[in-house]
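# Per-entry structural report
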Amino acid sequence: MKTMTCRQLGGPCDEAYVEATADDVIKAQDRHLKAAVKAGDATHAEARDAMKGRWMHPKKSMDWYSGVKRDFAALPES
Ligand SMILES: [Zn+2]
């Protein structure tokens, strides 16, 4: 398992996700952003919109996705 934070994924806070794969971390971030914005947290709105855009334009988002995968791969196992 490895740990990545909301901030490492382009968000504004230090919420941490402990997951086995980069895909799981991205899904956890997506859930976190949705929940934060729904709760009225405006600081997460920009990251939420960016994430929404990535789902709609997956090809354009490959650079971001590859970057997260690379960062995740470079992290130490915990
Ligand atoms: Zn956050």
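Residues numbered from 1 in each chain as written. Predicted model: local features only at pLDDT ≥ 70, side-chain atom pairs only at ≥ 80, totals over all residues.

Labelled according to an unreviewed UniProt entry, the chain appears under the name DUF1059 domain-containing protein, originating from Subtercola vilae.

## Comments concerning the packing of helix α1 (residues 22-38) against helix α3 (residues 62-74)
One can describe the packing of α1 onto α3 by two numbers: an axis separation of 9 Å at closest approach and a directional angle of 115°. When the axes of α1 and α3 are compared, the crossing they make is right-handed. Contact residues: Ala22, Val25 and Ile26 in α1; Val68, Lys69 and Phe72 in α3. (Axes fitted to C-alpha atoms, helices over the stretch in contact; angles between N-to-C directions. Helix = DSSP H or I, 4+ residues; strand = E, 2+ residues; numbered from the N terminus. Left-handed = near helix turned anticlockwise from the far one by under 90°. Contact = placed C-beta atoms within 7 Å.)

## A closer look at the environment of Thr43
Residue position: Thr43 is located in the loop between α1 and α2 (45-56). We classify Thr43 as exposed; it has 11 C-beta atoms within 10 Å. In the structure, Thr43 is positioned 39 residues away from Met4 in sequence and 19 Å away in space, judged by C-alpha atoms. (Buried ≥ 20, exposed ≤ 12 C-beta atoms within 10 Å, placed from the backbone.)

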